[in-house]
Amino acid sequence: MCFRAGDFRIGARDVLLGIIEGCPFYVGPSQFGYWAYCELTVDVTPGGGDSFSLEAAEGVRFIVRSRLFSDQEAAALDAAGPPPTGPASLPADSTTPVDVA
C-alpha cells in the first residue's frame with residue numbers, strides 16, 4: 001500500500017528498505033524478516049484492483065518482483081549491521097514516506 005505523507009504512522013520497528021523516486025520505502029518488521037535476503041524491484045503495471053493505495057485511482061498497481069541474494073551478498077548485508085528502523089531513519093531530504101502494509 002502506498003500512503004500520502006502523514007496518512008501512515010511509521011512504527012519504531014518499521015524497516016527502511018530504501019528510497020524510490022525520492023520516497024522512503026518501509027516494510028513492517030515481520031515482512032522484513034521474510035524479505036531480508038531478497039532484492040526487491042517495485043514496478044508499476046496497468047490495471048487496478050480493490051485497493052486504498054494511492055496508485056489505484058490512476059488505473060495502475062504496484063507489482064513487486066524478488067530475487068534471492070547470493071551467499072556473498074547475504075554475507076555483506078550481515079556485515080553491514082541491522083537496517084535503519086523507525087521514523088528517525090527517514091532521510092532528512094525526503095518528505096514523502098511510503099509504506100507497504
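Basis of the calculations
Residues numbered from 1 in each chain as written. Predicted model: local features only at pLDDT ≥ 70, side-chain atom pairs only at ≥ 80, totals over all residues. Heavy atoms only, no water. Phe/Tyr/Trp six-rings, centres within 6.5 Å; stacked < 30°, edge-to-face > 60°. Buried < 20%, exposed > 50% of the residue type's maximum accessible area, 1.4 Å probe, protein only. Patch = residues over 30% accessible without salt bridge, like charges linked within 9 Å, V, L, I, M, F, W, Y side chains within 5 Å. Areas by Shrake-Rupley, 256 points an atom, 1.4 Å probe, with all protein chains shown as cover. Salt bridge = Lys/Arg side-chain N within 4 Å of Asp/Glu carboxyl O. Helix = DSSP H or I, 4+ residues; strand = E, 2+ residues; numbered from the N terminus.

**Q** Hey, could you go over the packing of aromatic side chains for me, with residue numbers and the actual values?
**A** Throughout the structure, instances matching the rule amount to one aromatic pair. With a centroid separation of 4.9 Å and an interplanar angle of 90°, the aromatic rings of Y34 and W35 are classed as edge-to-face. Relative accessible area serves as the criterion here: at 62%, Y34 is assigned to the exposed category.

**Q** Can you explain a nonpolar patch on the surface? Please cite residues and give values.
**A** On the surface, Y37, L68 and L77 cluster together into a nonpolar patch covering about 300 Å² of accessible area. Mapped onto the elements, L77 comes out in helix α2 (residues 71-80).

**Q** Quick one: what's the story with unusual backbone geometry, residue by residue and with numbers?
**A** For E21, which is not glycine, the phi torsion reads 50° and is therefore positive. Structurally, E21 can be placed in the loop between β1 (15-20) and β2 (23-27).

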